[in-house]
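Residues per chain are reported as follows:
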Amino acid sequence: MTTPKTIVEKIWDKNVVYEEEGKPAILYIDLHLVHEVTSPQAFEGLRLKDRTVRQPKRTFATMDHNVPTVHANVIKDEISKLQMDTLRKNCEEFSVPLAGMGHEHQGIVHVIGPELGLTQPGKTIVCGDSHTSTHGAFGALAFGIGTSEVEHVLATQTVWQQKPKTLNVQIDGTLGTGVTAKDLILALISKYGVNFGTGYVLEYTGEAVRNLSMEGRMTICNMSIEAGARAGLVSPDETTVNFIEGRLHAPKGKDFEQAKQMWLSLRSDEGAVYDKTVTLNASEVEPQVTWGTNPAQCIPINSQVPNPETAKTENDKNEIKHALYYMGLEPDVNITDVPIQHVFIGSCTNSRVEDLEQAASVIHGRKVNDSVTAIVVPGSQTVKRQAEEKGLDKLFIEAGFEWREPGCSMCLAMNGDAVPPNERCASTSNRNFEGRQGTDARTHLVSPEMAAAAAIAGHFVDVRSF
Amino acid sequence: MEPLKMHTGLVYPLNRSNVDTDQIIPKQFLKRISRQGFGQYLFYNWRFDEKDRPREDFSLNDPKYKGTSILVGGENFGCGSSREHAPWALEDYGFRIIIAPSFADIFYNNCTKNGILPVVLTEDEVQTLIDNAEKGDYHLTVDLENKAVTDNHSFKATFDLAEYSRQMLLNGWDEISVTLTYEDKITEFEKEHIVY
């Protein structure tokens, strides 16, 4: 009888090239995703040292952070254009496949990896982007890296890595109607804080995780980094395999059958030991809204903004005060009484077809409130096409939402899609940091349903009774 | 990168938890394609108002911290985005050492690749340093050979750092060159490794 192992240990054992006592290991990277913002300095580094890309076929690039979502073929910002042109030239020079502007597969890097079948169980996946954890939904070990490491992976197809500690996030129970994967991950971070995962890889287990679609699993893995963890994953099962089958870069025929056996064998064994375990009961989770400037500053929809006077420590008190000041909120107000001016449905957290369907499902012929500007930004060209085939674009447009071109858009407001100073946005993205969606912009993180409902009501509402 | 063995410098206290990389370097400055020149944009939205004038209420603008090279911050320093522009901005501004009770993983890693030493001390030690530094003209010496932090008075603390990172920083090695000495092992591995 062999010692039971977690999926993280199995992937680690499979991909370590070399290790010696007292040093990190050299870990082989199976898929390197690249985008325009964190790669130019890395390619330049290769050029300066006369180095090449070791495995262009295990590298895949797209443009997402900087792309305009209106009139996408016209890039008005010259600096953004230079960055995108630079990626195109770099990909040509180093033979890296690119789904750039105008390509049928262009989109947010963490949306296109899975939809093209590039993301697969057991792969080690890196990208110069902290939300690379998204790909963990497939049972891949996927984590964000900085630009120096991007250059390192381009040159060597490896990274130096300490064997990660494992944290079992066990989520049992059943999600209630109107409660989503987004609410689960927000509730989890709210319960345990923004750094409970630091130094660990999170493995999401339990009945509630098993019952999630791949889209839902991507949403929770995506926000692992908001809990401090570089990576979060879910052991692969039939849901995973069914999602991958038939996709462009997925193995075909006999190869698929072999791959499937290998993938399913990676699941964490019964009795595998984790370094730490935390739990959450999905049945108790309600729709969530963040009120502050980090994702743990979050409350259920039918509750009140906290009062700094009730904080346990002086530090907590100051943090709440600071956040309330930035957010322009008074203590103790009902979150449902807070009016909003903007709604953003999109980002690598919540821009897939299922997210858009769920958002559209709350419209019921109603219109976006006169005081609200609401935009829907599909995660990729493929998502956009599929959503349009389902008629979702028409539903949104008729209700008064803007239907945009794919990209990261208002999640980080790099492309000009920004929330104006002191205005408030219900956003399906992942970070409510100060200035994230625009200078002095006030972000409230919610699920797609909650965002769509807020767009119609003009303030936060409980989607379960909307 | 420049080797770092011992560093003595003026301390700047930033008494906030969860300082994220969006604060360290806001997204509007991520469009540049070079590694240089990010220091002027460090903590931009805290340092400057909407008309690009220095904000008086942000402590880094206080003349008493001019020429500072050691930043002491709160827990979970550098959380959020993986942007390496954050350590580039800190380094370009003049910071060589960041001291905090805890760091976000990616940021910590990015610092060590750019000649910035991240030092983890206990919450009490960090609080002592913040209290001292807030009075101004407070200097620390950080000794990477002996993994120790001292001031001119009685403060002395030791810290842990992975030996690999310590050697990289002490020697200022180019990591890719180091890895390429193992290239035959990578080639050998690739022959047997199956990726679907």
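Calculation criteria
Residues numbered from 1 in each chain as written. Chains lettered and ligands numbered in written order. Predicted model: local features only at pLDDT ≥ 70, side-chain atom pairs only at ≥ 80, totals over all residues. Heavy atoms only, no water. Axes fitted to C-alpha atoms, helices over the stretch in contact; angles between N-to-C directions. Helix = DSSP H or I, 4+ residues; strand = E, 2+ residues; numbered from the N terminus. Parallel < 35°, antiparallel > 145°, perpendicular 65-115°, else oblique. Left-handed = near helix turned anticlockwise from the far one by under 90°. Contact = heavy atoms within 4.5 Å. UniProt positions renumbered as here; feature names shortened; annotations may be inferred. Buried < 20%, exposed > 50% of the residue type's maximum accessible area, 1.4 Å probe, protein only. Polar contact = N/O pair within 3.5 Å; in protein donor to acceptor, adjacent residues only side chain to side chain. Domains from an automatic or database assignment. Buried area = accessible area lost by both parts, 1.4 Å probe. Salt bridge = Lys/Arg side-chain N within 4 Å of Asp/Glu carboxyl O. Nonpolar A, V, L, I, M, F, W, Y, C, P; charged D, E, K, R; others polar. Pairing = 2+ DSSP bridges.

Things to note about the packing of helix H2 (residues 40–48) of chain A against helix H3 (residues 78–93) of chain A
Residues and elements named next belong to chain A.
Then, in step 1: Between H2 and H3, the shortest axis-to-axis distance is 10 Å and the interhelical angle comes to 40°. As summarised for this structure, H2 and H3 are arranged oblique, according to the angle between their axes. As for the relative orientation of H2 and H3, their crossing is left-handed in sense. For the pair H2 and H3, the contacting residues are Pro-40, Phe-43 and Arg-47 in the first and Gln-83, Thr-86, Leu-87, Asn-90 and Glu-93 in the second.

Overview of the UniProt feature "domain: Aconitase A/isopropylmalate dehydratase small subunit swivel" (unreviewed entry) in chain B
Then, in step 1: Mapped onto this numbering, the UniProt entry gives "domain: Aconitase A/isopropylmalate dehydratase small subunit swivel" (unreviewed entry) at residues 1–122 of chain B.
Then, in step 2: Its end C-alpha atoms 28 Å apart, residues 1–122 of chain B is made of 20% helix and 17% strand.

Details of helix H13 (residues 381–389) of chain A
Residues and elements named next belong to chain A.
Then, in step 1: Taken together, the buried positions of H13 are occupied by Gln-381, Thr-382, Val-383, Lys-384 and Ala-387.
Then, in step 2: Looking at the buried residues of H13, the elements they touch are helix H4 (109–115), helix H12 (353–360), helix H14 (392–399) and strand S17 (402–403).
Then, in step 3: The opening residue of H13 is Ser-380, an N-cap whose side-chain oxygen sits 3.3 Å from the backbone nitrogen of Thr-382.
Then, in step 4: Where H13 terminates, the next one or two residues include Gly-391, which has phi positive at roughly 80°.

Describing the domain arrangement of chain A
All names here are of chain A.
Then, in step 1: Segmentation of chain A into domains returns domain 1 (7–162 + 240–258), domain 2 (165–236 + 269–284) and domain 3 (304–465).
Then, in step 2: On a C-alpha basis, the centroid separation for the pair domain 1 and domain 2 is 24 Å.
Then, in step 3: Each partner contributes residues to the interface: domain 1 has 24 residues there, and domain 2 has 20 residues.
Then, in step 4: Together, the buried faces of domain 1 and domain 2 total about 1800 Å²; carbon and sulfur atoms form 62% of this surface.
Then, in step 5: Sorting the residues of domain 1 by area buried against domain 2 places Ile-7, Ser-133 and Ala-137 first, and these three jointly supply 26% of that buried surface.
Then, in step 6: For the pair domain 1 and domain 2, the number of links is 2 salt bridges.
Then, in step 7: Here Glu-149 and Arg-230 are joined by a salt bridge, their closest N and O atoms 3.7 Å apart.
Then, in step 8: In this structure, the connection of domain 1 to domain 2 is made through 9 residue pairs in polar contact (both at pLDDT 80 or more).
Then, in step 9: Elements represented by at least two residues in the side of domain 1 that touches domain 2 include exactly helix H1 (7–15), strand S7 (141–144) and helix H9 (238–244).
Then, in step 10: Of the residues in the side of domain 1 that touches domain 2, the class split is 13 nonpolar, 9 polar and 2 charged.

Structural notes on the UniProt feature "binding site: [4Fe-4S] cluster" (unreviewed entry) in chain A
All names here are of chain A.
Then, in step 1: UniProt annotation of "binding site: [4Fe-4S] cluster" (unreviewed entry) refers to Cys-348, Cys-408 and Cys-411 when read in the numbering used here. A maximum C-alpha distance of 8.7 Å is found for the annotated residues, which run over 64 residues; spatially they form one tight group.
Then, in step 2: On the basis of relative accessibility, which here comes to 9%, the residue Cys-408 falls in the buried class.
Then, in step 3: What Cys-408 contacts, discounting residues up to four positions off in sequence, is Asp-64, His-65, Ile-108 and Phe-344.
Then, in step 4: With respect to the element layout, Cys-411 can be found in the loop between S17 and strand S18 (424–427).
Then, in step 5: Setting aside anything within four residues of it in sequence, one finds Cys-411 in contact with Phe-344, Ser-347, Ser-429, Asn-430, Arg-436 and Gln-437.

Considerations on the sheet that holds strand S1 (residues 16–18) of chain A
Then, in step 1: Strands sit in the order S1-S2-S8 (chain A) across an open sheet of 3 strands; the sheet is antiparallel. This sheet does not close on itself; its edge strands, each paired only once, are S1 and strand S8 (158–161) of chain A. Neighbour-to-neighbour, the strand axes of the sheet open up by a mean angle of 40°, direction not taken into account.
Then, in step 2: Of the pairings in the sheet, the one linking S1(A) to strand S2 (residues 25–28) of chain A comprises 2 bridges and is antiparallel in character. Counterpart to Val16(A) in the pairing with S2(A) is Leu27(A).
Then, in step 3: Helix H8 (residues 183–192) of chain B contacts S1, S2 and S8 of chain A of the sheet and is inclined by roughly 145° relative to S1(A).

Topic: helix H3 (residues 85–93) of chain B
Structurally, the α-helix is built with 3.6 residues per turn, so residues lying three or four positions apart point the same way.
Then, in step 1: Considered for burial, the residues of H3(B) that qualify are His85(B), Ala86(B), Pro87(B), Trp88(B), Ala89(B) and Leu90(B).
Then, in step 2: Elements that come into contact with the buried residues of H3(B) comprise H2 and helix H5 (147–156) of chain A together with helix H1 (21–24), strand S2 (70–73), strand S3 (97–100) and helix H4 (105–112) of chain B.

A word on the side chain of Asn110(B)
Then, in step 1: Turning to its location among the elements, Asn110(B) is positioned in helix H4.
Then, in step 2: Beyond its immediate chain neighbours, meaning those up to four positions away, Asn110(B) contacts Gly146(A), Ser82(B), Arg83(B), Glu84(B) and Pro87(B).

A closer look at the pairing of strand S6 (residues 124–127) of chain A
For a regular strand, side chains alternate in direction, first toward one face of the sheet and then toward the other.
Residue and element names in this part refer to chain A.
Then, in step 1: The alternating pattern of S6 places Thr-124 and Val-126 and Ile-125 and Cys-127 on opposite faces, both of which are buried.
Then, in step 2: Bridge count for strand S3 (residues 31–34) against S6 is 3 bridges, and the pairing is parallel. Bridge pairing links His-32 to Val-126 in S6.
Then, in step 3: In this sheet, S7 lies alongside S6 in parallel orientation, the contact comprising 4 bridges. Across the sheet, Cys-127 pairs through a bridge with Gly-144, a residue of S7.

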